[in-house]
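# Observations on the three-dimensional arrangement
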Amino acid sequence: MSLPAERAQNIAHVLIEALPYIRRFSGKTIVIKYGGNAMVEQRLKEGFARDLVLMKLVGINPVVVHGGGPQIGDLLKRLGKATEFVQGMRVTDSETMDVVEMVLGGLVNKEIVTLINRHGGAAVGLTGKDGDFIRARKLLLKRDAPELNEPEIIDIGHVGEVESIDAAVVDMLVGGDFIPVIAPIGVGADGFSYNINADLVAGKVAEVLHAEKLILLTNTAGLLDNKGQLIKDIDAAKVDELIKDGTIQGGMLPKVRCALEAVQMGVGAAHILDGRIEHAVMLDLFTDEGIGSLIRRR
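Residues numbered from 1 in each chain as written. Predicted model: local features only at pLDDT ≥ 70, side-chain atom pairs only at ≥ 80, totals over all residues. Heavy atoms only, no water.

### Re the sheet that holds strand β6 (residues 134–143)
The test is simple: The criterion for strand pairing is that DSSP finds at least two bridges linking the strands in question. Under the scheme used here, helices are H or I runs from DSSP no shorter than 4 residues and strands are E runs no shorter than 2 residues, and both carry numbers assigned from the N terminus. To get an axis, a line is fitted to the C-alpha atoms, and for a helix only the part in contact is used. The angle between two axes follows their N-to-C directions and goes from 0 to 180 degrees. Note on contacts: a residue pair qualifies if any of its non-hydrogen atoms lie within 4.5 Å across the two residues.
Spatially, four strands are ordered β6-β7-β10-β9 in a closed barrel, and the strand pairing comes out mixed. Strand-to-strand, the axes of this sheet are offset by a mean angle of 60°, without reference to chain direction. In the sheet, strand β9 (residues 185–188) pairs with strand β10 (residues 193–196) via three bridges, with the strands oriented antiparallel. Each bridged residue has a counterpart across the sheet, and for Ile-185 the counterpart in β10 is Asn-195. The sheet contacts of helix α4 (residues 94–118) involve β7 (152–165), β9 and β10, and relative to β10 the element is tilted by about 65°. Where helix α6 (residues 198–208) meets the sheet, its contacts fall on β6, β7 and β10, and the angle it forms with β7 comes to roughly 25°.

### Topic: the packing of aromatic side chains
Under the convention used in this document: Aromatic rings from Phe, Tyr and Trp, taking only the six-membered ring of Trp, are treated as a pair when their centres fall within 6.5 Å; an angle between ring planes under 30 degrees marks them as stacked, one over 60 as edge-to-face, and anything in between as tilted. Classification of residues uses two cut-offs on accessible area relative to the type maximum, computed with a 1.4 Å probe and protein chains only: under 20% is buried, over 50% is exposed, and between them is partly exposed.
Overall, the coordinates contain one aromatic pair when judged by the stated rule. Summarising the aromatic geometry, the rings of Tyr-34 and Phe-48 are spaced 4.0 Å apart at their centres and angled 5° between planes, so their arrangement reads as stacked. With Tyr-34 in strand β1 (residues 29–34) and Phe-48 in helix α2 (residues 42–57), the pair connects residues that are 14 residues apart, well separated along the chain. Using a relative accessible area of 2% as the deciding quantity, one classes Tyr-34 as buried. By relative accessible area, Phe-48 is classed as buried at 5%.

### A short note on the side chain of Asp-51
Operational definition: Within 3.5 Å is the distance limit for a polar contact, defined as a pair of N or O atoms, with the added protein rule that one can donate a hydrogen and the other accept it, and that residues adjacent in sequence qualify only through two side-chain atoms.
Among the secondary structure elements, Asp-51 is positioned in helix α2. Within polar-contact distance, the side chain of Asp-51 engages the side chain of His-279 at 2.8 Å. Not counting chain neighbours up to four residues away, the residues in contact with Asp-51 comprise His-279, Ala-280 and Met-282.

### Focus: the UniProt feature "binding site: substrate" (unreviewed entry) in the protein chain
Put simply, the rule is: UniProt positions are given in the numbering used here, feature names are shortened, and annotations may be inferred rather than shown by experiment.
Per the UniProt annotation, the sites labelled "binding site: substrate" (unreviewed entry) are Gly-68, Gly-69, Arg-90 and Asn-195. A maximum C-alpha distance of 12.2 Å among these annotated residues, which run over 128 residues, shows that they cluster at one spot. As for its placement among the helices and strands, Gly-69 is situated in helix α3 (residues 69–78). Judged by its relative accessible area of 33%, Gly-69 is partly exposed. For Asn-195, the position within the fold is in strand β10. On the basis of relative accessibility, which here comes to 14%, the residue Asn-195 falls in the buried class. With residues near it in sequence (within four places) discarded, Asn-195 still touches Met-97, Val-100, Leu-104, His-158, Val-159, Gly-160 and Pro-184.

### Focus on the UniProt feature "site: Transition state stabilizer" (unreviewed entry) in the protein chain
The sites that UniProt annotates as "site: Transition state stabilizer" (unreviewed entry) are Lys-33 and Lys-255. With the annotated positions falling across 223 residues, the maximum pairwise C-alpha distance of 10.2 Å places them together in a single cluster. Excluding residues within four positions of it along the chain, Lys-33 makes contact with Val-65, Gly-67, Ala-198, Asp-199, Ala-202, Ile-215, Leu-216, Leu-217 and Lys-255. Along the chain, Lys-255 turns up in helix α8 (residues 252–264).

And the structure:
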């Protein structure tokens, strides 16, 4: 068999393998948290945009929630503004919040929208301030203070947590065959803007949209056991065990808790994928083997 014929046959096998998954997910909503290397390397950015366009063309409704921490840090550095972190959270005064809104709601969001549209999609960028669809409240951190006999409350500025999400704006875009691209900025009852962790926003958006799947793109292979091996499939009870015994810790902990809460609140399944792999979303959705870690209710 000639090489072109072999290649054509391989393509046919790929399409046949993907068919039942296309049928299964057609008409369903998939919420994707987009961040890490997938947002930095041009090859991965182009591939991600094409993946979203393909998903929409076969009847799936992707909704993107993106981060942008490194880009925020870079601009603050260029402006000569020092960055301080407390418990992994960026201390965000009013001036820093202006930069956050400029980067997340402007530069990063519009770059993603432009890439998707350039590859044949119809994306619309928005922040949680549009239509007040992400209502936020100030996040107050606690720190042990034995001398006070109670935890010390730490105010880190315009950093928030999700209070509520009104799905109407996103539903309208999805119903109009657009791909929503959401920057994780909410608005408080006080009228101030708040920067919210993108994983948490993605989880809450998946909940209110009754999404079939929540996909979190990261810079790791997925959930790893205490021997460093990938955990391909895990239920909520086992996740709780791994958190308690310290196997899941550090930066993976908030991602796992977000995924766990989403599936417990009705999202079909959550996936933690390696965003450094080209077409990671396609490989997970449309192949028998899949990649990354799948978190199920049971």
